[in-house]
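# Examining the three-dimensional arrangement
The chain contents come next:
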Amino acid sequence: MELDYIQSAIKQFEYYKSVGERTFAQLDEEHLFWQFNAESNSIAIIVNHLWGNMKSRWTDFLTSDGEKEWRNRDLEFESVIRTKAEMMTKWEDGWECLFTALHSVNAENFNTEIFIRNQAHTLIEAVNRQMAHYAYHIGQIAYIGRMAKGSTWKSLTIPKGKSSDFNKAKFSKGKHGGHFSDDVK
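Here is a short report on the structure shown in this document. (Residues numbered from 1 in each chain as written. Predicted model: local features only at pLDDT ≥ 70, side-chain atom pairs only at ≥ 80, totals over all residues. Heavy atoms only, no water.)

## Some details on the overall build of the protein
Keep this limit in mind: A helix here means a DSSP run of H or I that spans at least four residues, while a strand means a run of E at least two residues long, and both kinds are numbered starting from the N terminus. Burial classification: accessible surface area is computed with a 1.4 Å probe over protein chains only, and a residue below 20% of its type maximum counts as buried, one above 50% as exposed, and the rest as partly exposed. Residue contacts are counted whenever heavy atoms from the two residues lie within 4.5 Å of one another. For accessible areas, the Shrake-Rupley method is used with a probe of radius 1.4 Å. Any residue's cover is judged against the shown protein chains and nothing else. His is not counted, nor are the chain ends; Lys and Arg add positive charge and Asp and Glu add negative charge. Each charge is placed at NZ for Lys, CZ for Arg, CG for Asp and CD for Glu.
Within the protein, the secondary structure is distributed over six helices and two strands. Overall, the protein shows an N-to-C arrangement of helices and strands of α-α-α-α-β-β-α-α. On the principal axes, the C-alpha backbone points of the protein span a range of 50 × 45 × 25 Å. Looking at the protein as a whole, 39% of its 185 residues qualify as buried. Long-range pairs, those at least 24 residues apart, make up 73% of the contacts in the protein with a sequence separation of at least 6. Accessible surface for the protein amounts to roughly 10700 Å². Of this, 53% is attributable to carbon and sulfur atoms. Charged side chains of the protein number 23 positive and 25 negative; the gap between the two group centres comes to 10 Å.

## With respect to helix α4 (residues 84-103)
Inclusion rule: Here a helix's expected span is defined as the number of its residues, less one, multiplied by 1.5 Å.
The end-to-end C-alpha distance of α4 is 28 Å, a good match for the 28 Å that 20 residues give at a rise of 1.5 Å each. Met-87, Lys-90, Trp-91, Gly-94, Trp-95, Cys-97, Leu-98, Phe-99, Ala-101 and Leu-102 are the residues of α4 that are buried. On its buried face, α4 is in contact with α1 (2-26), α2 (43-58) and α5 (123-149).

## Considerations on the packing of α2 against α5
Quick note on the threshold: Only the stretch in contact is used when fitting a helix axis, every axis being a line fitted to C-alpha atoms; angles between N-to-C directions are given from 0 to 180 degrees. Angles below 35 degrees are treated as roughly parallel, those above 145 as roughly antiparallel, those between 65 and 115 as roughly perpendicular, and all remaining angles as oblique. Left-handed is the label given to a crossing in which the near helix is rotated counterclockwise from the far helix by less than a right angle, and right-handed is the label when the rotation is clockwise. Put simply, Ala, Val, Leu, Ile, Met, Phe, Trp, Tyr, Cys and Pro go in the nonpolar bin, Asp, Glu, Lys and Arg in the charged bin, and everything else, Gly too, in the polar bin.
Where α2 contacts α5, the two axes come as close as 10 Å, and the packing angle between them is 165 degrees. One element, α2, and the other, α5, form an angle in the roughly antiparallel class. α2 and α5 meet at a crossing whose hand is left-handed. Across the interface between the two elements, Ile-43, Ile-46, Val-47, His-49, Leu-50, Asn-53, Met-54, Arg-57 and Trp-58 from α2 touch Val-127, Arg-129, Gln-130, His-133, Tyr-134, His-137, Ile-138, Gln-140, Ile-141, Ile-144 and Gly-145 from α5. Its residues assigned to classes, the contact of α2 with α5 comprises 11 nonpolar, seven polar and two charged.

## Examining the packing of α1 against α4
For the pair α1 and α4, the least separation of the axes is 11 Å and the interaxial angle reads 175 degrees. Classified by the interaxial angle, the pair formed by α1 and α4 is roughly antiparallel. Contacts from Ile-6, Ile-10, Phe-13, Glu-14, Tyr-16, Lys-17, Gly-20, Glu-21 and Phe-24 of α1 reach α4 at Lys-84, Met-87, Met-88, Trp-91, Glu-92, Trp-95, Leu-98, Phe-99, Leu-102 and His-103.

## Quick notes on the packing of aromatic side chains
Let me state the cut-off plainly: Ring geometry is summarised as follows: Phe, Tyr and Trp rings, the Trp one being its six-membered ring, pair when their centres sit within 6.5 Å, and such pairs are stacked at plane angles under 30 degrees, edge-to-face over 60 and tilted between the two. We call a charge positioned over a ring when the NZ of a Lys or the CZ of an Arg lies within 6 Å of the ring centre and within 35 degrees of the ring normal.
Under the definition given, this model contains 10 aromatic pairs. Both rings, one in Tyr-15 and one in Tyr-16, keep their centres 5.5 Å apart while their planes meet at 55 degrees; by these two values the pair is tilted. The same class applies to Tyr-15 and to Tyr-16, which are both buried. What links up through ring pairs into an aromatic cluster is the set Phe-13, Phe-24, Trp-58, Phe-61, Trp-91, Trp-95, Phe-99 and Tyr-134. A cation sits over an aromatic face here: Lys-90 above Trp-51, 4.1 Å from the ring centre.

## Side note on the layout of surface pockets
Defined as follows: Buriedness for pockets is judged along seven lines, at least five of which must meet protein on both sides within 12 Å for an open set on the 1 Å grid over protein atoms alone, while cavities are sets there where a 1.4 Å probe fits but cannot get out, and lining residues have an atom within 4 Å of a point. Grid points are joined across faces, edges and corners, and a volume is the space filled by probe spheres set on the points.
Here the largest pocket is characterised by a volume of approximately 170 Å³. Contributing to the lining of the largest pocket are Ala-142, Tyr-143, Arg-146, Gly-150, Trp-153, Lys-154, Ser-155, Leu-156, Ile-158, Pro-159 and Lys-160. Tallied by class, residues from the lining of the largest pocket come to six nonpolar, two polar and three charged.

Spelled out as structure tokens, the structure:
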């Protein structure tokens, strides 16, 4: 059951990563740096924060506190990324750190106590905490992307007005397994 949970979490993280990437694919470079106002975050700032969080939380996550001494969280919310290429490098680096950590989980270390800012978590609590955090920010990325593209936005999941068609296709398969995102491309 423990390893089933980890595989499910990996699949869910892969889905959220794909939502971000499908958003990036629709945007021009200037959209990645657009801010509604001086107090709001651009997509690039959100990616920088996700990267900093991922590197801190998932580096040696079974043996050291998830809030690393070397992390500079405040700088994550500054406009330090200058190009799409730089943004994508940080995006991939953060996700690679996360997936490497999750793939290191096995039956022997699954019950390791995880600490974040000196607060104890079960492995499931720590993973769920990060999953919710990343979904929140990736939702922000998609929302900013949708605002930027306006009427030319292409749905990342079920297109507006197509719920009935999507449901018909799903139910026509009969009861089946897989991840819910397998048919959402």
